[in-house]
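# Close look at the chain arrangement
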Amino acid sequence: MKKLIALLLLLIISAVIITAGCITPQETTADETLKGDWTTQKLIKYSSETGFSEEIDEGCDVLKITEQNGRLLKMEIEGANRIYYAAVSDKNGKAIFTDSSYGSANERLNGNILSENEIIFASARYDTETKEYSVLFDVRTKDGAEIKKPDEKKEEKSLIGSYTKAWGYMFEKGGFIPRDGKTVLKITEQNGPVFIGTITPEGKEPQSLAGVITSVDDKGVNALIVQSDGDICNIRISDEFLSLWNVDGSRIVMFANDAVDILLTKPELNTDLAGKWICTKASSLNSDGYSVYDSDISVVIEVKEGNALLADVSSGSKYRGKTTPFGRISLSGISADRTINYCIEGYISDDGKLYTYTTSKVIETGSVIQVTESIYTKSASKASGLA
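On a predicted model such as this, the values are computed, not experimentally measured, just so you know. (Residues numbered from 1 in each chain as written. Predicted model: local features only at pLDDT ≥ 70, side-chain atom pairs only at ≥ 80, totals over all residues. Heavy atoms only, no water.)

## Digging into the overall build of the protein chain
Scanning the protein chain from N- to C-terminus turns up two helices and 27 strands. In the protein chain, which comprises 387 residues, the proportion classed as buried is 53%. The contacts of the protein chain with a sequence gap of at least 6 include a subset with a gap of at least 24, amounting to 51%. Summing over all exposed atoms, the protein chain offers an accessible surface of approximately 17200 Å²; the carbon and sulfur share of this is 49%. (Helix = DSSP H or I, 4+ residues; strand = E, 2+ residues; numbered from the N terminus. Buried < 20%, exposed > 50% of the residue type's maximum accessible area, 1.4 Å probe, protein only. Contact = heavy atoms within 4.5 Å. Areas by Shrake-Rupley, 256 points an atom, 1.4 Å probe, with all protein chains shown as cover.)

## So, the pairing of strand β21 (residues 298-303)
Summarising the sheet, strand β19 (residues 275-286) and β21 pair through four bridges and their orientation is antiparallel. Bridge pairing links W277 to V299 in β21. (Pairing = 2+ DSSP bridges.)

## Side note on the environment of D90
Following the sequence through the fold, D90 ends up in the loop between β5 (82-88) and β6 (95-99). Along the backbone, D90 and T356 are 266 residues apart, and their C-alpha atoms lie at a distance of 8.9 Å. Once residues lying within four places of it in the same chain are set aside, the contact partners of D90 are R71, A95, R328 and Y347.

## Re the packing of aromatic side chains
Scanning all chains against the criterion turns up five aromatic pairs. Ring plane angle 25° and centroid distance 5.4 Å describe the contact between Y347 and Y355, whose orientation is recorded as stacked. The ring of W245 is capped by K322, whose NZ or CZ atom sits 4.3 Å from the centre of that ring. (Phe/Tyr/Trp six-rings, centres within 6.5 Å; stacked < 30°, edge-to-face > 60°. Lys NZ or Arg CZ within 6 Å of the ring centre and 35° of its normal.)

## A closer look at the pattern of salt bridges
What the rule picks out here adds up to 13 salt bridges. R108 is paired through a salt bridge with E345; the nearest N and O atoms lie 2.7 Å apart. Linking R108 in strand β7 (residues 105-115) with E345 in strand β25 (residues 340-348), this pair joins segments that are 237 residues apart in sequence. With respect to burial, R108 and E345 carry one shared label: buried. D294 is the partner of K281 in a salt bridge, and the nearest nitrogen-oxygen pair spans 2.9 Å. One end of the pair, K281, is in strand β19; the other, D294, is in strand β20 (residues 289-294), and 13 residues separate them in sequence. (Salt bridge = Lys/Arg side-chain N within 4 Å of Asp/Glu carboxyl O.)

It is worth stressing that arrangement in space is one thing and function is another; only the former is reported here.
So this is what it looks like as structure tokens:
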């Protein structure tokens, strides 16, 4: 019992640390009518064991969104005894994310809310026991609603091509690594939003990869990939580049499209994010329900070359990840006693506040047991946080 109490206290403290974005229901832009039973209407997947498939298994598990408090969600897979805590984590209130790992499976699940009745779920998964890796594109509708006519132009956008490393930021290997042109990522085959390929570091054997598009906008494609060595990464692809960052916060790599004659330089630093931030309020959803509480936790964020992020929290925890020039952030961290893993997504709002959303996963069991949101305001301190 003492261990359980200690764990819960750790979760509350750590979740407040950098989970900026505590949005009360009246403040959120997220759709608040997501509760219900979500059934699969279209499925495309790839497995390293079985290849491509579009077959929807009879009796495919129903995903139930059983609780929603503003942007915080509790989801259950019917018949599988699995519970996910998730958040609507983007500025426009359309993107769902959670670390949906369980047992021997490491998994990242992203969702794209098309309407109150339709969500595209995309996941990348690696089984540490069998070494199988897979991706899934899963269109679900709520309570029997019909699927809308798909945007074929977006869904069929071709990603096939070759990309050469322009630069990288390795958190544990010397920081920024300038252009070397020695690592090549190739996308070789595609079935709609699902694709496969290889990534070949200099002097090493190619690693196979599988990927799935999570969303498409006018400027490019967002996707998840999983490599045959178990790495799961977010990627962003435009006509000129492919940007990759591990969900564990270990590296950021920028690749240039070999079909475009362009020299990629380091991006402009996101100076709005650098500095000290003070958390004033947080809220959490877990097995005990939904709670809102005040907080005085602070975090100092450094913006490194390539928009890599280092976050130093007043409680002693540290996080690392990346941002974009537009203020979107992605971070990862581990508790001081190395029992809890934190995945964090967030953004800077139009009024200059920092909003983030954190899932808390017990490393030993792989179970996500809480999701938290908080809101930060920037300190008037002159510390720039730039490096």
